[in-house]
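Residue strings, one per chain:
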2 protein chains.
Amino acid sequence: MLKYFMPVTVFFSYLNQIYPLKEHLVTYLSEKVTKIEIKKGKYLISPLDKEDCMYFLVKGAVRGFTKIENKKITTWLEVEPVLIGRIRSIDGQGITEEYIEAIEDCELVVINKEMLTYLYDNYFEINYIGRVLIERSYAAAEERAFIARIPTAESKYLRFLKTYPHLIERIPLRLIASFLSVSEETLSRVRTKIAKCTVFTE
Amino acid sequence: MLKYFMPVTVFFSYLNQIYPLKEHLVTYLSEKVTKIEIKKGKYLISPLDKEDCMYFLVKGAVRGFTKIENKKITTWLEVEPVLIGRIRSIDGQGITEEYIEAIEDCELVVINKEMLTYLYDNYFEINYIGRVLIERSYAAAEERAFIARIPTAESKYLRFLKTYPHLIERIPLRLIASFLSVSEETLSRVRTKIAKCTVFTE
């Protein structure tokens, strides 16, 4: 029999692979973290949310988006397992205009900011784990900054294919187009062209 | 009399503000870290460099750039005090095509990857400090990904003014233009327009 709710167990197992969690930390965490479910199309975070949380995505796909000049711009795309949230705001520089939307039905573990601060101050191994996880988030943000600078739709999509092969089958084309800042029509054309090239070179 | 070379002292002071460094850690670090100077226009890192280091910029201004379709694209701009480097490659996902160039004469403290791994494994407070520093780098990367998606040159420059007021006087216009992915002529026009608006509203 599982001691904790399944999503929390998955979360602990994920952390444990980065640095072994001591039993008393597991006990503490299992009392504090909560799990939530979000249906496809619903918002996990909108600019109206004042509480500052981080989330571990146990199951599902999500996107971050923001509005620039009244247009929804997809800023990131993620599937499980991954830590997500308005991580910038931990540093007091929050993008308040940020939304997080479920692309599929999602299961998540919630970690609120007060608890996280407490953990960082009292459990040094959480700093080790936090550092490793934020290094991953940082690498992902650098990649997004890079992909946004690629000048042509074709090169953008080729980079997308290389970096995010696991997203191609799960994320709708319109959201990939929004993430790459190209129109859906252009992206469809690029995909057809690349598919033809692949056939010829096989 | 200062016990350590000046740049190293500045570096320790910077770290100490994030989390107090124990005396034995200061002693260890002061034996291990080295300092270097790079003249304006020279490369701190080019894709040819195999050694993976991080740098603490004590004095000066630098830019990261990459080549996309044979064009130099400025990916980031920084002035002291800041931790810089090919941080992505720590996670084994290095952008090997990355360059770091001195925009001014620079003084830096060098932290090599082996030492950093040793520190993370043996000094838990370094994980606390590392986490805080990488959170800052992450926030900066998110901001760069955001600014790259802003559709018009004017909105991009207004965001640049808001986020990087400390860079305006120190970074040449051509590099700001490159960072914003707009031509220097367009950026000059935008600056003139904004300057006029400011005069009218004052």
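Residues numbered from 1 in each chain as written. Chains lettered and ligands numbered in written order. Predicted model: local features only at pLDDT ≥ 70, side-chain atom pairs only at ≥ 80, totals over all residues. Heavy atoms only, no water.

(A) Here's a closer look at the relation of the copies chain A and chain B. Its rotation angle being 180°, the transformation that places chain A on chain B also includes 0.0 Å of axial translation and leaves an RMSD of 0.0 Å. Taken together, the rotation and translation describe the operation of a two-fold axis. With an isologous cut-off of 70% or more, the 100% of interface residues of chain A that recur at the interface of chain B puts this contact in the isologous class. (Least-squares fit on C-alpha atoms with pLDDT ≥ 70 in both. Contact = heavy atoms within 4.5 Å.)

(B) Region of the structure containing the domain arrangement of chain A. All names here are of chain A. Looking at the assigned domains, one finds that chain A contains domain 1 (6-149) and domain 2 (150-202). Centre-to-centre separation of domain 1 and domain 2, based on C-alpha positions: 27 Å. Counting from both sides, the interface comprises 19 residues of domain 1 and, opposite them, 17 residues of domain 2. Carbon and sulfur atoms make up 59% of the area that domain 1 and domain 2 hide from each other, which totals about 1600 Å². Our count for the contact surface shared by domain 1 and domain 2 stands at three salt bridges. Among the ionic pairs, Arg170 bridges to Glu80, the shortest N-O distance being 2.9 Å. Across the domain 1-domain 2 interface, the total number found is ten residue pairs in polar contact (both at pLDDT 80 or more). With seven residues, strand 5 (residues 71-79) is the largest single contributor of residues to the side of domain 1 that touches domain 2. A per-class count over the side of domain 1 that touches domain 2 returns nine nonpolar, three polar and seven charged. (Domains from an automatic or database assignment. Buried area = accessible area lost by both parts, 1.4 Å probe. Salt bridge = Lys/Arg side-chain N within 4 Å of Asp/Glu carboxyl O. Polar contact = N/O pair within 3.5 Å; in protein donor to acceptor, adjacent residues only side chain to side chain. Helix = DSSP H or I, 4+ residues; strand = E, 2+ residues; numbered from the N terminus. Nonpolar A, V, L, I, M, F, W, Y, C, P; charged D, E, K, R; others polar.)

(C) Inspection of the pairing of strand 8 (residues 106-112) of chain B at higher detail. Residue and element names in this part refer to chain B. Of all seven residues that make up strand 8, five are buried, and the element is covered over most of its length. Taken together, the six bridges between strand 3 (residues 53-59) and strand 8 define a ladder with antiparallel strand orientation. Note on strand 8: the bridge partner recorded for Lys59 is Glu107. (Buried < 20%, exposed > 50% of the residue type's maximum accessible area, 1.4 Å probe, protein only. Pairing = 2+ DSSP bridges.)

(D) Representation of the sheet that holds strand 2 (residues 43-45) of chain B within the structure. All names here are of chain B. The strand order across the open sheet built from four strands is 2-7-4-5, with neighbouring strands paired in antiparallel fashion. Looking at strand neighbours, the two that pair on one side only are strand 2 and strand 5 (71-79), the edges of this open sheet. The mean inter-strand angle of the sheet, taken between neighbouring strand axes irrespective of direction, is 30°. Pairing geometry for strand 2 and strand 7 (residues 99-102), over two bridges, is antiparallel. Looking across to strand 7, one finds that Ile45 is bridged to Ile100. (Axes fitted to C-alpha atoms, helices over the stretch in contact; angles between N-to-C directions.)

(E) View of the interface of chain A and chain B. Contact with chain A, which involves 43 residues of that partner, is made by 43 residues of chain B. Summing the contributions of chain A and of chain B, the shared interface buries around 4000 Å²; its carbon and sulfur component is 62%. At the surface where chain A touches chain B, the tally comes to two salt bridges. For Arg144 of chain B, the salt bridge identified is with Glu142 of chain A, shortest N-O distance 2.3 Å. The interface formed by chain A and chain B holds ten residue pairs in polar contact (both at pLDDT 80 or more) in total.

(F) Molecular detail of a positive patch on the surface. Together, Lys40, Lys67, Lys72 and Arg174 of chain A line one region of the surface with positive charge. Within the secondary structure, Lys40 of chain A is located in the loop between strand 1 (34-38) and strand 2 (43-45). (Patch = residues over 30% accessible without salt bridge, like charges linked within 9 Å, V, L, I, M, F, W, Y side chains within 5 Å. Areas by Shrake-Rupley, 256 points an atom, 1.4 Å probe, with all protein chains shown as cover. Lys, Arg positive; Asp, Glu negative; His and termini not counted. Charge placed at Lys NZ, Arg CZ, Asp CG, Glu CD.)

(G) Here's a closer look at the sheet that holds strand 8 of chain B. All names here are of chain B. With antiparallel pairing, the four strands of this open sheet are ordered in space as 1-8-3-6. Only two strands of the sheet have a single neighbouring strand rather than two, namely strand 1 (34-38) and strand 6 (82-85). Strand-to-strand, the axes of this sheet are offset by a mean angle of 35°, without reference to chain direction. Bridging between strand 1 and strand 8 involves five bridges; their strand directions are antiparallel. Each residue of the ladder has a partner; that of Ile36, found in strand 8, is Leu108. Packing against the sheet, helix 3 (residues 113-122) makes contact with strand 3 and strand 8, and its axis sits at approximately 60° to strand 8.

(H) Inspection of the environment of Glu37 of chain B at higher detail. Residue and element names in this part refer to chain B. Considering the arrangement of structural elements, one finds Glu37 in strand 1. For Glu37, a relative accessible area of 60% translates into the label exposed. Sequence-wise, Glu37 and Val8 are 29 residues apart; in three dimensions their C-alpha atoms are separated by 13 Å. Discounting chain neighbours no more than four positions away, the residues touching Glu37 are Cys106 and Glu107.

(I) Quick look at helix 3 of chain B. Of all the residues in helix 3 of chain B, the buried ones are Met115, Leu116, Leu119 and Tyr120 of chain B. Buried residues of helix 3 of chain B, seen end-on, are gathered within an arc of 135° and therefore sit on one face of the element. Buried residues along helix 3 of chain B sit against helix 4 (124-149) of chain A together with helix 2 (23-32), strand 3, strand 8 and helix 4 (124-149) of chain B. Its side-chain oxygen 3.2 Å from the backbone nitrogen of Glu114 of chain B, Asn112 of chain B forms the N-cap of helix 3 of chain B. (Arc of directions from axis to C-beta.)

(J) Here's a closer look at the side chain of Arg144 of chain A. Positionally, Arg144 of chain A belongs in helix 4. Judged by relative accessible area, which is 5%, Arg144 of chain A ranks as buried. For Arg144 of chain A, the side chain forms a polar contact with the side chain of Glu142 of chain B, separated by 2.3 Å. Setting aside residues up to four positions removed in sequence, Arg144 of chain A forms contacts with Thr75, Trp76, Glu78, Tyr164 and Phe179 of chain A together with Tyr138, Glu142 and Ala145 of chain B.

(K) Up close: the packing of aromatic side chains. All chains considered together, the criterion is met by 29 aromatic pairs over all chains. Ring geometry for Tyr28 of chain B and Tyr123 of chain B: centres 5.9 Å apart, planes at 35°, overall tilted. Taken as a pair, Tyr28 of chain B in helix 2 and Tyr123 of chain B in the loop between helix 3 and helix 4 lie far apart in primary sequence, 95 residues in all. Residue Tyr28 of chain B is classed as buried on the basis of its relative accessible area, which comes to 17%. The structure contains a cluster of three or more aromatic residues connected by ring pairs, namely Tyr19, Phe124 and Tyr128 of chain A together with Tyr19, Phe124 and Tyr128 of chain B. Lying over the aromatic face of Tyr128 of chain A, Arg131 of chain A brings its terminal NZ or CZ to 4.8 Å of the ring centre. (Phe/Tyr/Trp six-rings, centres within 6.5 Å; stacked < 30°, edge-to-face > 60°. Lys NZ or Arg CZ within 6 Å of the ring centre and 35° of its normal.)

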